[in-house]
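Spelled out from the first residue to the last, the chains are:
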Amino acid sequence: MKRAWIIPLIALLLLVGCSGQRVLPPEDAEAFAVQVDAMSENLLTALSNQDYAAYVRDMDAQMLAVSTEEQFPQLYTGIIGVIGAYESREMTQVIEQGDYRAVIYSADFANEEDVTVRVVYDVSGETSLISGLWF
């Protein structure tokens, strides 16, 4: 019975962690997606083509620190080796939280269609830079 406080504490932490997050209205989401379109396309194409230099071209310092050239072959094999070459994507929404905007895409790859791809951008500086990538 002494641990009954754990579940409410976890729920509170989850609520606090998700606060400040909002889905941009369609017009604003589309405008931002257009703004970062070339970077998103380059990121996915470069990963698909196993081109490390192009892959890291638009990343912020934190993303560069975890996207090393030594780890890149494993990333390529773990993603492109499974779902196949990148073919196309369509933006479904943009989520904003603080200095970050996550562009959510429905992407098609050679071996799998409708893969959810999330490209996170740090929008705190003069130009937006890639700060995260999830499949």
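The structure under discussion appears in the preceding block.
Residues numbered from 1 in each chain as written. Predicted model: local features only at pLDDT ≥ 70, side-chain atom pairs only at ≥ 80, totals over all residues. Heavy atoms only, no water.

> Which parts of the structure should I look at to understand the side chain of Asp-122?
By the element assignment, Asp-122 lies in strand β4 (residues 115–122). With no salt bridge to any partner, buried Asp-122 finds its closest opposite charge in Arg-101, at an N-O distance of 10 Å. Within the structure, Asp-122 has its side chain in polar contact with the side chain of Ser-124 (distance 2.6 Å). Residue contacts for Asp-122: discarding those within four places in its chain leaves Asp-60, Asp-99, Tyr-100, Thr-127, Ser-128, Leu-129 and Ser-131. (Helix = DSSP H or I, 4+ residues; strand = E, 2+ residues; numbered from the N terminus. Buried < 20%, exposed > 50% of the residue type's maximum accessible area, 1.4 Å probe, protein only. Lys, Arg positive; Asp, Glu negative; His and termini not counted. Salt bridge = Lys/Arg side-chain N within 4 Å of Asp/Glu carboxyl O. Polar contact = N/O pair within 3.5 Å; in protein donor to acceptor, adjacent residues only side chain to side chain. Contact = heavy atoms within 4.5 Å.)

> Help me understand the sheet that holds strand β1 (residues 21–23) in this model?
Picture the strands of a sheet paired through backbone hydrogen bonds; they go either parallel or antiparallel. Taken in spatial order, the 5 strands line up as β1-β2-β3-β4-β5 in an open sheet, and their pairing is antiparallel. Edge positions in the open sheet fall to β1 and β5 (129–134), since each of these has one partner strand only. Each strand of the sheet is rotated relative to its neighbour by a mean of 35°, with strand direction disregarded. Bridge count for β4 against β5 is 5 bridges, and the pairing is antiparallel. Looking at β5, one finds that Tyr-121 is bridged to Ile-130. (Pairing = 2+ DSSP bridges. Axes fitted to C-alpha atoms, helices over the stretch in contact; angles between N-to-C directions.)

> Got a minute to help me understand the environment of Ala-107 in this structure?
Checked against the element boundaries, Ala-107 lands in strand β3 (residues 100–109). By relative accessible area, Ala-107 is classed as buried at 0%. For the pair Ala-107 and Met-91, spaced 16 residues apart in sequence, the C-alpha separation works out to 8.5 Å. In contact with Ala-107, other than residues within four places in its own chain, are Ser-88, Arg-89, Glu-112, Glu-113, Asp-114, Val-115 and Val-117.

> Where do I start with the nonpolar core in this structure?
Most often, soluble globular proteins have nonpolar side chains that are buried together. Core analysis: the biggest nonpolar cluster contains 33 residues, and Tyr-55, Val-103, Phe-109, Val-117, Val-119 and Tyr-121 have the highest contact counts within it. When residues in this core are grouped by element, the largest group, 9 residues, is from helix α2 (residues 26–48). Among residues more than four places away in sequence, those in contact with Phe-109 are Ile-80, Ile-83, Gly-84, Ala-85, Tyr-86, Glu-87, Val-115, Val-117 and Phe-135. (Core = buried A, V, L, I, M, F, W, Y, C linked by side-chain atoms within 4.5 Å.)

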